[in-house]
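# Secondary and tertiary structure notes
The primary structure of each chain is shown beneath.
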Amino acid sequence: MNNLCADIGYRSINKHGEQLCGDHVEVIEGENNDIIMVLADGLGSGVKANILSTLTAKIISTMMSKGLTVEDCVATVAATLPVCSVREVAYSTFTIICIRNNQQAEIIQYDNPPVILLRDGHNVEIPFTEMMIDGKKITRSRIDLRENDTFIAMSDGCIYAGLGRDMNFGWERKDIISYMEVFFEVGFTAKTLNTILLDECMKLYGGQPGDDTTACTIRIRAREPMNMLLGPPANRDDDNRMMALFFSKEGKHIVCGGTTSTLAARYLGKPLVPLLEFPDPDIPPIAKLEGVDLVTEGVVTINKVLVYARDYLAGNESYVEWSYKQDGASRIARLLFEEATDINFYVGKAVNPAHQNPDLPINFNIKMRLVSELSECLTKMGKRIKVSYF
Amino acid sequence: MELVICIGSSCHLKGSRQVVERLRQLIEEANLMDKVALSGTFCMGNCQKGISVTLDGKLFSLSPENVDGFFEDEVLARG
């Protein structure tokens, strides 16, 4: 077991005019901490392609996660896929990336553009062996992982972007490599790198993709624990116990809430200094407290973080706001979405009588709902979440 | 003079940012920058009557509407 983990981001863009996508990405956890990603591209587009790619991705990921061989997976897929009445074939290309115990990647590819590996910011061609299964030429690679290795799997919609429009031969794989190498050093998350790639594809297609376009980015990174304290404990006698547990944990510490930060300041014996600055007029100011990485107000700030989290999981459009702004919500968003891999929430269940006012949108139930919805979003981002109530 | 404004959740929602900004403006206009120390605090435990502001320890309840009156009656009077 090492200190690495896989940060995974993927998205599909539908062919112009199609309601369904003919590409499908499936990511599941298998035995022994294995992570299996399958990107399948079904023949044609629309509903048929959607069924073919979904079946392929689901069958392969489920079987691989149970330790079956790739030969078995391919045979099952070939025997299961419905045959297209027009073309009389059943067909879906696929890319499998299996991260074994965060130590080794096994990559199995059939007819999709070859997976790109950026290592130390530069393209590395992955060595592979070929095998024939059911008359299909399938390549297989095994590569030991290093921190910051970034894998990019694509459907052919990516390399055809701009074909016959802005570019004679589309956006070739080598062009994608040199484009993505530029962004490597910045330390973007997998989701952001993936968004950057697909946005460029969309641009080259002039907003009207000629094919379903999908990319999945996997970035190997070190685990980063993060701790977040929200709300005073229901029983005042638990103050010290809660603070002691919170501050003893490894990683960065975020304290949210006025009363909560006052308790933290008392526990640490340091002055709490709120800053009277409003980088975002809707978000209350942050405060400085020695020994804590970030102190913010509670419910109003977390509510905004939740808005950002939902968007991150959807189109990731508000990235342009929270990625640089200095208000409390943007700072929390950067720490939780980008930096952290393991997040411990310490949630106090004290009811603030002053907040139980129907005119104010900040009562106790809302606080509890915010915590559960935020941890749900963070789980979907692939973070490991632990919530303790006091 | 110590002028402390609550920027906790409840007071924030009632408009403490506008109060902070208006007070800054008024202090500058009256040229009292070196006499009045403006600072923020989290919850003063007086949320129902917010926006909570203390002037040299004495508690006042303000709103964005009555900031000017408070400044004239209390701050300028002491200046």
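Residues numbered from 1 in each chain as written. Chains lettered and ligands numbered in written order. Predicted model: local features only at pLDDT ≥ 70, side-chain atom pairs only at ≥ 80, totals over all residues.

### Regarding the overall build of chain A
On a plain count of helices and strands, chain A comes out with eleven helices and 18 strands. What you see for chain A is a C-alpha radius of gyration of 24 Å, in line with the 21 Å of a compact globule of 390 residues. The principal-axis extents of the C-alpha atoms in chain A amount to approximately 70 × 45 × 40 Å. (Helix = DSSP H or I, 4+ residues; strand = E, 2+ residues; numbered from the N terminus. Rg over C-alpha atoms; globule rule 2.2 N^0.38 Å.)

### Observations regarding the domain arrangement of chain A
All names here are of chain A. Assigned domains within chain A: domain 1 (4-222) and domain 2 (225-389). Each of domain 1 and domain 2 has a C-alpha centre, and the two are 36 Å apart. The interface is formed by seven residues belonging to domain 1 together with six residues belonging to domain 2. The set of elements that each furnish at least two residues to the side of domain 1 that touches domain 2 consists of β1 (4-13) and α5 (190-204). (Domains from an automatic or database assignment. Contact = placed C-beta atoms within 7 Å.)

### Examining the pairing of strand β1 (residues 2-6) of chain B
Residue and element names in this part refer to chain B. With five bridges joining them, β1 and strand β2 (residues 37-41) adopt parallel strand pairing. Its bridge partner being in β2, Cys6 is matched across the sheet by Thr41. Here three bridges tie β1 to strand β3 (residues 52-55), and the two strands are oriented antiparallel to one another. For Ile5, the partnering residue across the bridge sits in β3 and is Val53. (Pairing = 2+ DSSP bridges.)

### Some words on the packing of helix α8 (residues 299-313) of chain A against helix α10 (residues 328-339) of chain A
Residues and elements named next belong to chain A. Orientation of α8 relative to α10, taken along the N-to-C sense of each, is 50°, at an axis distance of 9 Å. In terms of orientation, α8 and α10 fall into the oblique class. At the point where α8 passes α10, the crossing takes the right-handed sense. Contacts between α8 and α10 involve Thr301, Lys304, Val305, Tyr308, Ala309 and Tyr312 from the former and Gly328, Ala329, Ile332, Ala333 and Phe337 from the latter. Within the contact of α8 with α10, the residues separate by chemical class into eight nonpolar, two polar and one charged. (Axes fitted to C-alpha atoms, helices over the stretch in contact; angles between N-to-C directions. Parallel < 35°, antiparallel > 145°, perpendicular 65-115°, else oblique. Left-handed = near helix turned anticlockwise from the far one by under 90°. Nonpolar A, V, L, I, M, F, W, Y, C, P; charged D, E, K, R; others polar.)

### Quick notes on the interface of chain B and chain A
Contacts between chain B and chain A engage 16 residues on the former and 21 residues on the latter. Those elements that place two or more of their residues in the side of chain B that touches chain A are α1 (9-14), α2 (16-29) and β2 of chain B. Residue classes in the side of chain B that touches chain A are distributed as seven nonpolar, eight polar and one charged.

### A short note on α5 of chain A
Residue and element names in this part refer to chain A. Along its 15 residues, α5 runs 21 Å from first to last C-alpha, staying within 8% of the 21 Å computed at 1.5 Å per residue. If you check which residues of α5 are buried, you get Ala190, Lys191, Thr192, Leu193, Asn194, Thr195, Leu197, Leu198, Cys201 and Leu204. Looking one or two places after α5, you find Gly206, whose phi comes out positive at around 65°. (Expected span 1.5 Å × (residues − 1). Buried ≥ 20, exposed ≤ 12 C-beta atoms within 10 Å, placed from the backbone.)

### As for the sheet that holds strand β10 (residues 150-154) of chain A
All names here are of chain A. Strand order in the open sheet made by the five strands is β1-β11-β10-β6-β7, with antiparallel pairing throughout. Only two strands of the sheet have a single partner each, and these edge strands are β1 and β7 (122-123). Sheet analysis places β10 next to strand β11 (residues 213-222), joined by five bridges and oriented antiparallel. Across the sheet, the residue bridging to Thr150 is Arg219, located in β11. Lying on the sheet, α5 is in contact with β1, β10 and β11; it crosses β1 at an angle near 25°.

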